[in-house]
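Coordinate inspection notes
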Number of protein chains: 2
Amino acid sequence: MTASHDVLGIGNAIVDVLARTDDEFLKLNRLAKGAMSLIDAERAEALYQAMNGSVECSGGSCANTMAGIASLGGNAAYVGKVRDDGLGWTFRHDIRAAGVAFETPAATSGPPTARCLIFVTPDAQRTMNTYLGACVTLGPDDIDVKAVAAAKVTYIEGYLWDPPEAKAAVRKAIDAAHAAGRLVSMTLSDAFCVDRWRAEFLDLVRTKIDILFANEAELMSLYQTKSFDAALQAMRRDGKVAALTRSAKGSVVVRGEEVHVVDAAPVSRVVDTTGAGDLYAAGFLYGWTRGLPLAECARIGGVAAGEVISHFGARPEQPLKTLV
Amino acid sequence: MTASHDVLGIGNAIVDVLARTDDEFLKLNRLAKGAMSLIDAERAEALYQAMNGSVECSGGSCANTMAGIASLGGNAAYVGKVRDDGLGWTFRHDIRAAGVAFETPAATSGPPTARCLIFVTPDAQRTMNTYLGACVTLGPDDIDVKAVAAAKVTYIEGYLWDPPEAKAAVRKAIDAAHAAGRLVSMTLSDAFCVDRWRAEFLDLVRTKIDILFANEAELMSLYQTKSFDAALQAMRRDGKVAALTRSAKGSVVVRGEEVHVVDAAPVSRVVDTTGAGDLYAAGFLYGWTRGLPLAECARIGGVAAGEVISHFGARPEQPLKTLV
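Computed from a prediction, not measured in an experiment: that's the story for all the values here. Think of each chain on its own: its residues are numbered from 1, step by step along the sequence as written. Whichever chain is written first is A, and whichever ligand is written first is 1; the rest continue in order. Only residues with pLDDT of 70 or above have their local features reported here, since the model is predicted, and side-chain atom pairs are shown and tallied only from 80 upward, although totals for entire chains, interfaces and linings are computed over all residues.

Let us look at the relation of the copies chain B and chain A. Superposition of the copies used a least-squares fit over C-alpha atoms from residues whose pLDDT is at least 70 in both. Expressed as a screw operation, the relation of chain B to chain A combines 0.0 Å of axial shift with a rotation of 180°, fitting to an RMSD of 0.0 Å. Given the turn and translation reported, the copies of this chain are related as if by a two-fold rotation axis. The fraction of interface residues of chain B whose copies in chain A are also interface residues reaches 100%, indicating that both copies meet through the same surface. With C-beta atoms placed from the backbone, a contact is any residue pair whose C-beta atoms sit within 7 Å.

Pasting the structure below:
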């Protein structure tokens, strides 16, 4: 069967609310710098009131990745749950405008569209606070097994383990992908997320995942090692294709005996690291679905990440295909 | 046969003359920043006159490495040529005081003991200017084949290709080591040095060297690639054990299918990078000759390099065995 999409991504559909702040504010509001924390509606409202000069833009880790693939010239589809409210329509408009197919029906009742309050400090680090909202209503009925079977790669985010029903949707998608002889790819999403779901993630990685994305903190959390290299060796023993990102140190990509150590793309000024990992995955998967050599997939990932960290916000501002 | 030394090193015996300077001075004196340039006696005299507040200390890349091995508690011997002059006696005193066996007789005629005028800029980079002096008189007669055969590893520096007679000494040592079933290790020394001797170095690496040390500029120069990863892949195809240093990015060490990506040791302030590669090799070879796992050899190399870059000068100030 011809693939109708290069990559079909499943994730938490989230609108980002970004504001610049300082370390003092993070401390005052007990925010764990650099991490993604889950918050309830009340806390979301209180933090939102405390934000100064915020801007809203469609986000969600996996959705950013799909937007990146489309920006590179690839063919991407997205599955995620918004509510039929203002933010939900904004999310739908933006991801479609980015060139990504998005057909998941909006929830007509229940909590509002999810939002992530992101505080960017002068060191370009982002601290994220997610109110999951409508994401908790994503379930197996939202998975179109034909669409999954027709995509070269199905891509899932570890964040999907936080809403209780989503993992059933993920398992349905994984089974459909593998039944059709397709590949399944996953990002570990966040070191704290790995901490919450380590046993399930380890089992998943070992039994279901073909291509793994992780940054060094996530990988070290998964394998509970004190050094990146020890985690890398554990990963190699598990025998998966893996793309491991290391911020300014670039990335290490692995496939069997193949190991590549690829430099980060030069960036004149790092403004906001939100979306760096998401866009790296976009570039890598774009290259992968075109059958490019592994080191070239990593290079494209680095270029896409370099673009997104050079400005505010987690989606590319320039068409990425002009950069690679 | 029981090894009488862990490592026997052969190198250019050089006294370092260090001074702090700025980029303006380098430009004014047409000095290639970060590199090692060869200079004649006249230029050495002129540059020495222009140096402000210099300090002298025994150096030489390979000699620094042997001093590092001794400081770690290993057993090291050194072969190199000084003249029977003041600097020559200083060199001999210092390397012996460091605990390294050094029996090569001093030249009694010919050029004086070699010196390297090192300019350290505020960014901790060092720019080296070497007057080879008595090093040009090192020859095959200075190689004690019994001592070579009795050392676990013979270690040579690429810089030995610059004085015309030294490579005959090196080849004699390599043959003696291999005839005794011992290993031969080499550092590529400097990217410009690789440029001068690329064809010979490539042949040597492929046919004679068991353990290669190189920084990324040297490795990329050897294989004439534009990225570190491409050079790494070429190196892996050549199938040697290799320890590849990448400054703040740490090191990548390779042995067959084994690839380790090891972080640099944390350093509170980088003062002077002179000797970083030399001390990395010391730590690695110390670990290697004790049969430690490859990643542990790299870690010890990183700790030794971290110590030497945290102060002025190319030999350890603290006993390294207390740090590892």
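Now for the sheet that holds strand E1 (residues 5–10) of chain A. Residues and elements named next belong to chain A. The nine strands lie next to each other as E6-E5-E1-E9-E10-E11-E12-E13-E14, forming an open sheet whose pairing is mixed. Two strands in the sheet have a free side with no partner beyond their single neighbour: strand E6 (101–102) and strand E14 (258–262). Two strands are counted as paired when DSSP detects at least two bridges linking them. Note on conventions: DSSP H or I runs of at least 4 residues are helices, E runs of at least 2 residues are strands, and numbering of each starts at the N terminus. In this structure, strand E9 (residues 151–157) lies alongside strand E10 (residues 183–187), joined through five bridges in parallel fashion. Along E10, the bridge assignment pairs Glu-157 with Thr-187.

When you line up the elements, Thr-108 of chain B lands in the loop between strand E6 (101–102) and strand E7 (114–120). Three exposure classes are used. Buried residues have 20 or more other C-beta atoms within 10 Å of their own C-beta, exposed residues have 12 or fewer, and partly exposed residues fall in between, all C-beta atoms being placed from the backbone. Residue classification places Thr-108 of chain B among the exposed positions, given that 8 C-beta atoms sit within 10 Å.

Time to look at the nonpolar core. One finds Met-66, Val-100 and Leu-285 of chain A together with Met-66, Val-100 and Leu-285 of chain B to be the most contacted residues of the largest nonpolar core, which totals 218 residues. Apart from the residues lying within four places of it in its own chain, the contact partners of Leu-285 of chain B are Val-7, Ile-69, Val-153, Tyr-155 and Ser-185 of chain B. In this description, a nonpolar core means buried residues of the types Ala, Val, Leu, Ile, Met, Phe, Trp, Tyr and Cys, linked to one another by C-beta atoms lying within 7 Å.

Right, let's talk about the packing of helix H8 (residues 216–223) of chain B against helix H9 (residues 228–238) of chain B for a bit. Residue and element names in this part refer to chain B. Two elements in contact, H8 and H9, have axes separated by 9 Å at closest approach and are oriented at 65°. Considering their axes alone, H8 and H9 lie roughly perpendicular with respect to each other. Remark: the crossing between H8 and H9 carries left-handed chirality. Between H8, through Glu-216, Leu-219, Met-220 and Tyr-223, and H9, the contact on the second element is made entirely by Phe-228, Ala-231, Ala-234 and Met-235. When its residues are assigned to classes, the contact of H8 with H9 shows seven nonpolar, no polar and one charged. Axes here refer to lines fitted to C-alpha atoms; in helices the fit is confined to the stretch in contact. Angles between the N-to-C directions go from 0 to 180 degrees. In this scheme, roughly parallel covers angles under 35 degrees and roughly antiparallel covers those over 145, while 65 to 115 is roughly perpendicular and the rest are oblique. Note: crossing handedness is left-handed where the near helix turns anticlockwise from the far helix by less than a right angle, and right-handed where it turns clockwise. Under the scheme applied here, ten amino acids are nonpolar (Ala, Val, Leu, Ile, Met, Phe, Trp, Tyr, Cys and Pro), four are charged (Asp, Glu, Lys and Arg), and all others, including Gly, are polar.

Our focus in this paragraph is the confidence of the model for chain A. pLDDT expresses, on a scale from 0 to 100, how confident the predictor is about each individual residue. Per-residue confidence for chain A gives a mean pLDDT of 95; residues scoring 70 or more make up 99%. This complex was scored by the predictor with a pTM of 0.88 and an ipTM of 0.81.

Attention now moves to the sheet that holds strand E8 (residues 126–131) of chain A. Residues and elements named next belong to chain A. With mixed pairing, the five strands of this open sheet are ordered in space as E3-E8-E7-E2-E4. Among the strands making up the open sheet, the edge pair consists of strand E3 (36–38) and strand E4 (55–58). Sheet twist, expressed as the mean angle between neighbouring strand axes with direction ignored, is 25°. Bridging between strand E7 (residues 114–120) and E8 involves six bridges; their strand directions are antiparallel. Bridging from a neighbouring strand, Val-120 pairs with Arg-126 of E8.

A few words on unusual backbone geometry. The phi dihedral of Arg-30 of chain A is positive, around 50°, even though this residue is not glycine. Secondary-structure assignment places Arg-30 of chain A in the loop between helix H1 (23–28) and E3. A tally of 7 C-beta atoms within 10 Å means that Arg-30 of chain A is categorised as exposed. With a phi close to 75°, Ser-189 of chain B is a non-glycine residue in the positive phi region. If you trace the backbone, Ser-189 of chain B turns up in the loop between strand E10 (183–187) and helix H7 (191–207). Among the residues examined, Ser-189 of chain B registers 28 C-beta atoms within 10 Å and is labelled buried.

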